[in-house]
Amino acid sequence: MNPNQPSVVVNDTPYRWPLRPVVVVCVDGGDPSYLQQYLADGSVSNIARFISQGFAGVADGSMPSFTCPNNMSLITGTPTARHGISGNYYLDTATWQPVVMTGPELLRGDTIIARFAAAGAKVVSITAKDKLRKQLAKGLDVSQGHVSFSSEFADRCTLAENGIENVLELVGMDKPGMYSMELSLLVLEAGLKLLQQRRPDLLYLSLTDWVQHKWAPQEEDARAFYRKLDDVFGRLAACDVTLALTADHGMSDKSNAAGEPNVIWLQDILDARFGAGETVVICPITDAFVAHHGALGGFVRVWSRGKVSAQQIIQHIVSIDGIELALDKATACRMFDLPADREADVAVVSRHDVCIGASAVNHDLTGLKGNRLRTHGGTSETKVPFILNRPLNDAYKAKAASQPLKSWQLFDYAINGTL
Ligand SMILES: [Zn+2]
């Protein structure tokens, strides 16, 4: 690291050269309620120390409160309107086919790590689920000593594709299952090993929310997971780094007293009113691994095939119990800072205790058996922790006091705002 290096400008934000390694961790689904519980009962002593010695707040994440939009907000340092990744899926109205939004070509602007890498820094990006890997590493040339891989495919990393091989041997862990807490822990342990061995300048470590979907803060398995996170965070912080912790989104219980999910089947409702095929409901939470939430979230998009107007759709659904907001495109883009060219005719947000699906027949809920549905996507899951292990400098103290804290500013605070 060379403190005489010039600052690096990424998407119009200048970042100074890091004085020490900066480690940004996105605890997927890390609702503030988990930390509230574990700080109160003394389960996370390292995080408690960061909060007392560094800086901590609760920030606004990006809407919709899903994994892809928020990871891209963090890694680009911009809101969703600018980076363009507004869900896991959008509907291409030229073909009327849903398009998965995980391709790097769909991400607008640069990532902070790729720009630093191009300026001579060494960077590492590790994610639990492979779906995020390529976007996180957009523009990153791993042949130059940088690392980018997912714990999902930790057993098949190559120097050519990932800038690293033999990850499981390096970390001393078995290949974790897709539905396990080890999938996240491997991300952190690998980041720690690389920090100790190579001391890169920037590390971005992104976990998965299987635990938070499955267990509420008061449940012992969730506490066990957070104890393990806290332990690795302590070991990371001991390496003389700036450690920044946040989440991509929160998590809410969306089940009724009998333990069944409170679902509004929106496609069925719209088909009954306007006829099958007139509207298309897209659930942008969907990915290949849905056993823990059945592709049910708190935010969906509705496109009209042309006959039905946005106002007709809104009028028909806005008073349904459990619908919090039904917004036309312009209003949704203005309220939530979304890219208009990928927004639907109507954006729908459910209340904190309710989720929205498309057609009941198309959602497989067998994976939920025996568990309450906990999920995210709406405005009730946008609040996320924003924690730094080091105190803010005076300029960023003033900034934090004078404007709302946005999670997409976390790299800015960690790199430019700490002592
Ligand atoms: Zn997530």
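Thresholds, definitions, all that
- Residues numbered from 1 in each chain as written.
- Predicted model: local features only at pLDDT ≥ 70, side-chain atom pairs only at ≥ 80, totals over all residues.
- Helix = DSSP H or I, 4+ residues; strand = E, 2+ residues; numbered from the N terminus.
- Buried ≥ 20, exposed ≤ 12 C-beta atoms within 10 Å, placed from the backbone.
- Arc of directions from axis to C-beta.
- Contact = placed C-beta atoms within 7 Å.
- Pairing = 2+ DSSP bridges.
- Axes fitted to C-alpha atoms, helices over the stretch in contact; angles between N-to-C directions.
- Domains from an automatic or database assignment.
- Nonpolar A, V, L, I, M, F, W, Y, C, P; charged D, E, K, R; others polar.

## Focus: unusual backbone geometry
- Cis rather than trans, the peptide bond between Met63 and Pro64 has omega equal to -10°.
- Residue position: Pro64 is located in the loop between strand E4 (55–60) and helix H3 (67–76).
- Of note in the backbone geometry, Asn166 takes a positive phi value of approximately 55° without being a glycine.
- By the element assignment, Asn166 lies in the loop between helix H7 (159–162) and helix H8 (167–171).
- Despite not being glycine, Asp337 shows a phi value in the positive range, around 60°.

## As for helix H1 (residues 32–40)
- Among all positions in H1, only Tyr34, Leu35 and Tyr38 are buried. With its buried residues spanning 90° around the axis, H1 presents them on a single face.
- Elements in contact with the buried residues of H1: helix H2 (45–53), helix H11 (220–237) and strand E19 (383–388).
- Phi turns positive one or two residues past the end of H1, at Gly42, with a value near 75°.

## A closer look at the sheet that holds E4
- Here we have seven strands laid out as an open sheet, ordered E4-E19-E10-E3-E9-E7-E8, and mixed in their pairing. Looking at the sheet topology across the chains shown, the edges are occupied by E4 and strand E8 (147–150). Pairs of neighbouring strands in the sheet enclose a mean axial angle of 10°, with direction left out of account.
- Pairing of strand E10 (residues 242–246) with E19 involves three bridges; the strand directions are antiparallel.

## Examining the domain arrangement of the protein chain
- The assigned domain composition of the protein chain is domain 1 (8–93 + 100–250 + 382–416) and domain 2 (263–375).
- The gap between the C-alpha centroids of domain 1 and domain 2 is 28 Å.
- Facing the 22 residues of domain 1 at the interface are 24 residues of domain 2.
- No other element matches helix H10 (residues 210–214), which puts four residues into the side of domain 1 that touches domain 2.
- Split into classes, the residues belonging to the side of domain 1 that touches domain 2 amount to 12 nonpolar, eight polar and two charged.

## Section: the sheet that holds strand E14 (residues 299–304)
- With antiparallel pairing, the four strands of this open sheet are ordered in space as E13-E14-E16-E15. The open sheet is flanked by strand E13 (279–282) and strand E15 (323–328), the only strands paired with a single partner. With direction set aside, neighbouring strand axes in the sheet form an average angle of 20°.
- Strand direction decides the pairing type here: E15 and strand E16 (residues 346–350), joined by five bridges, are antiparallel. The residue bridging Leu325 from the neighbouring strand is Val349, located in E16.
- Along the sheet, helix H12 (residues 266–274) makes contact with E13, E14 and E16, crossing E13 at roughly 175°.
- Here helix H14 (residues 329–336) sits on the sheet and contacts E15 and E16; the angle it forms with E15, its principal contact strand, is near 115°.

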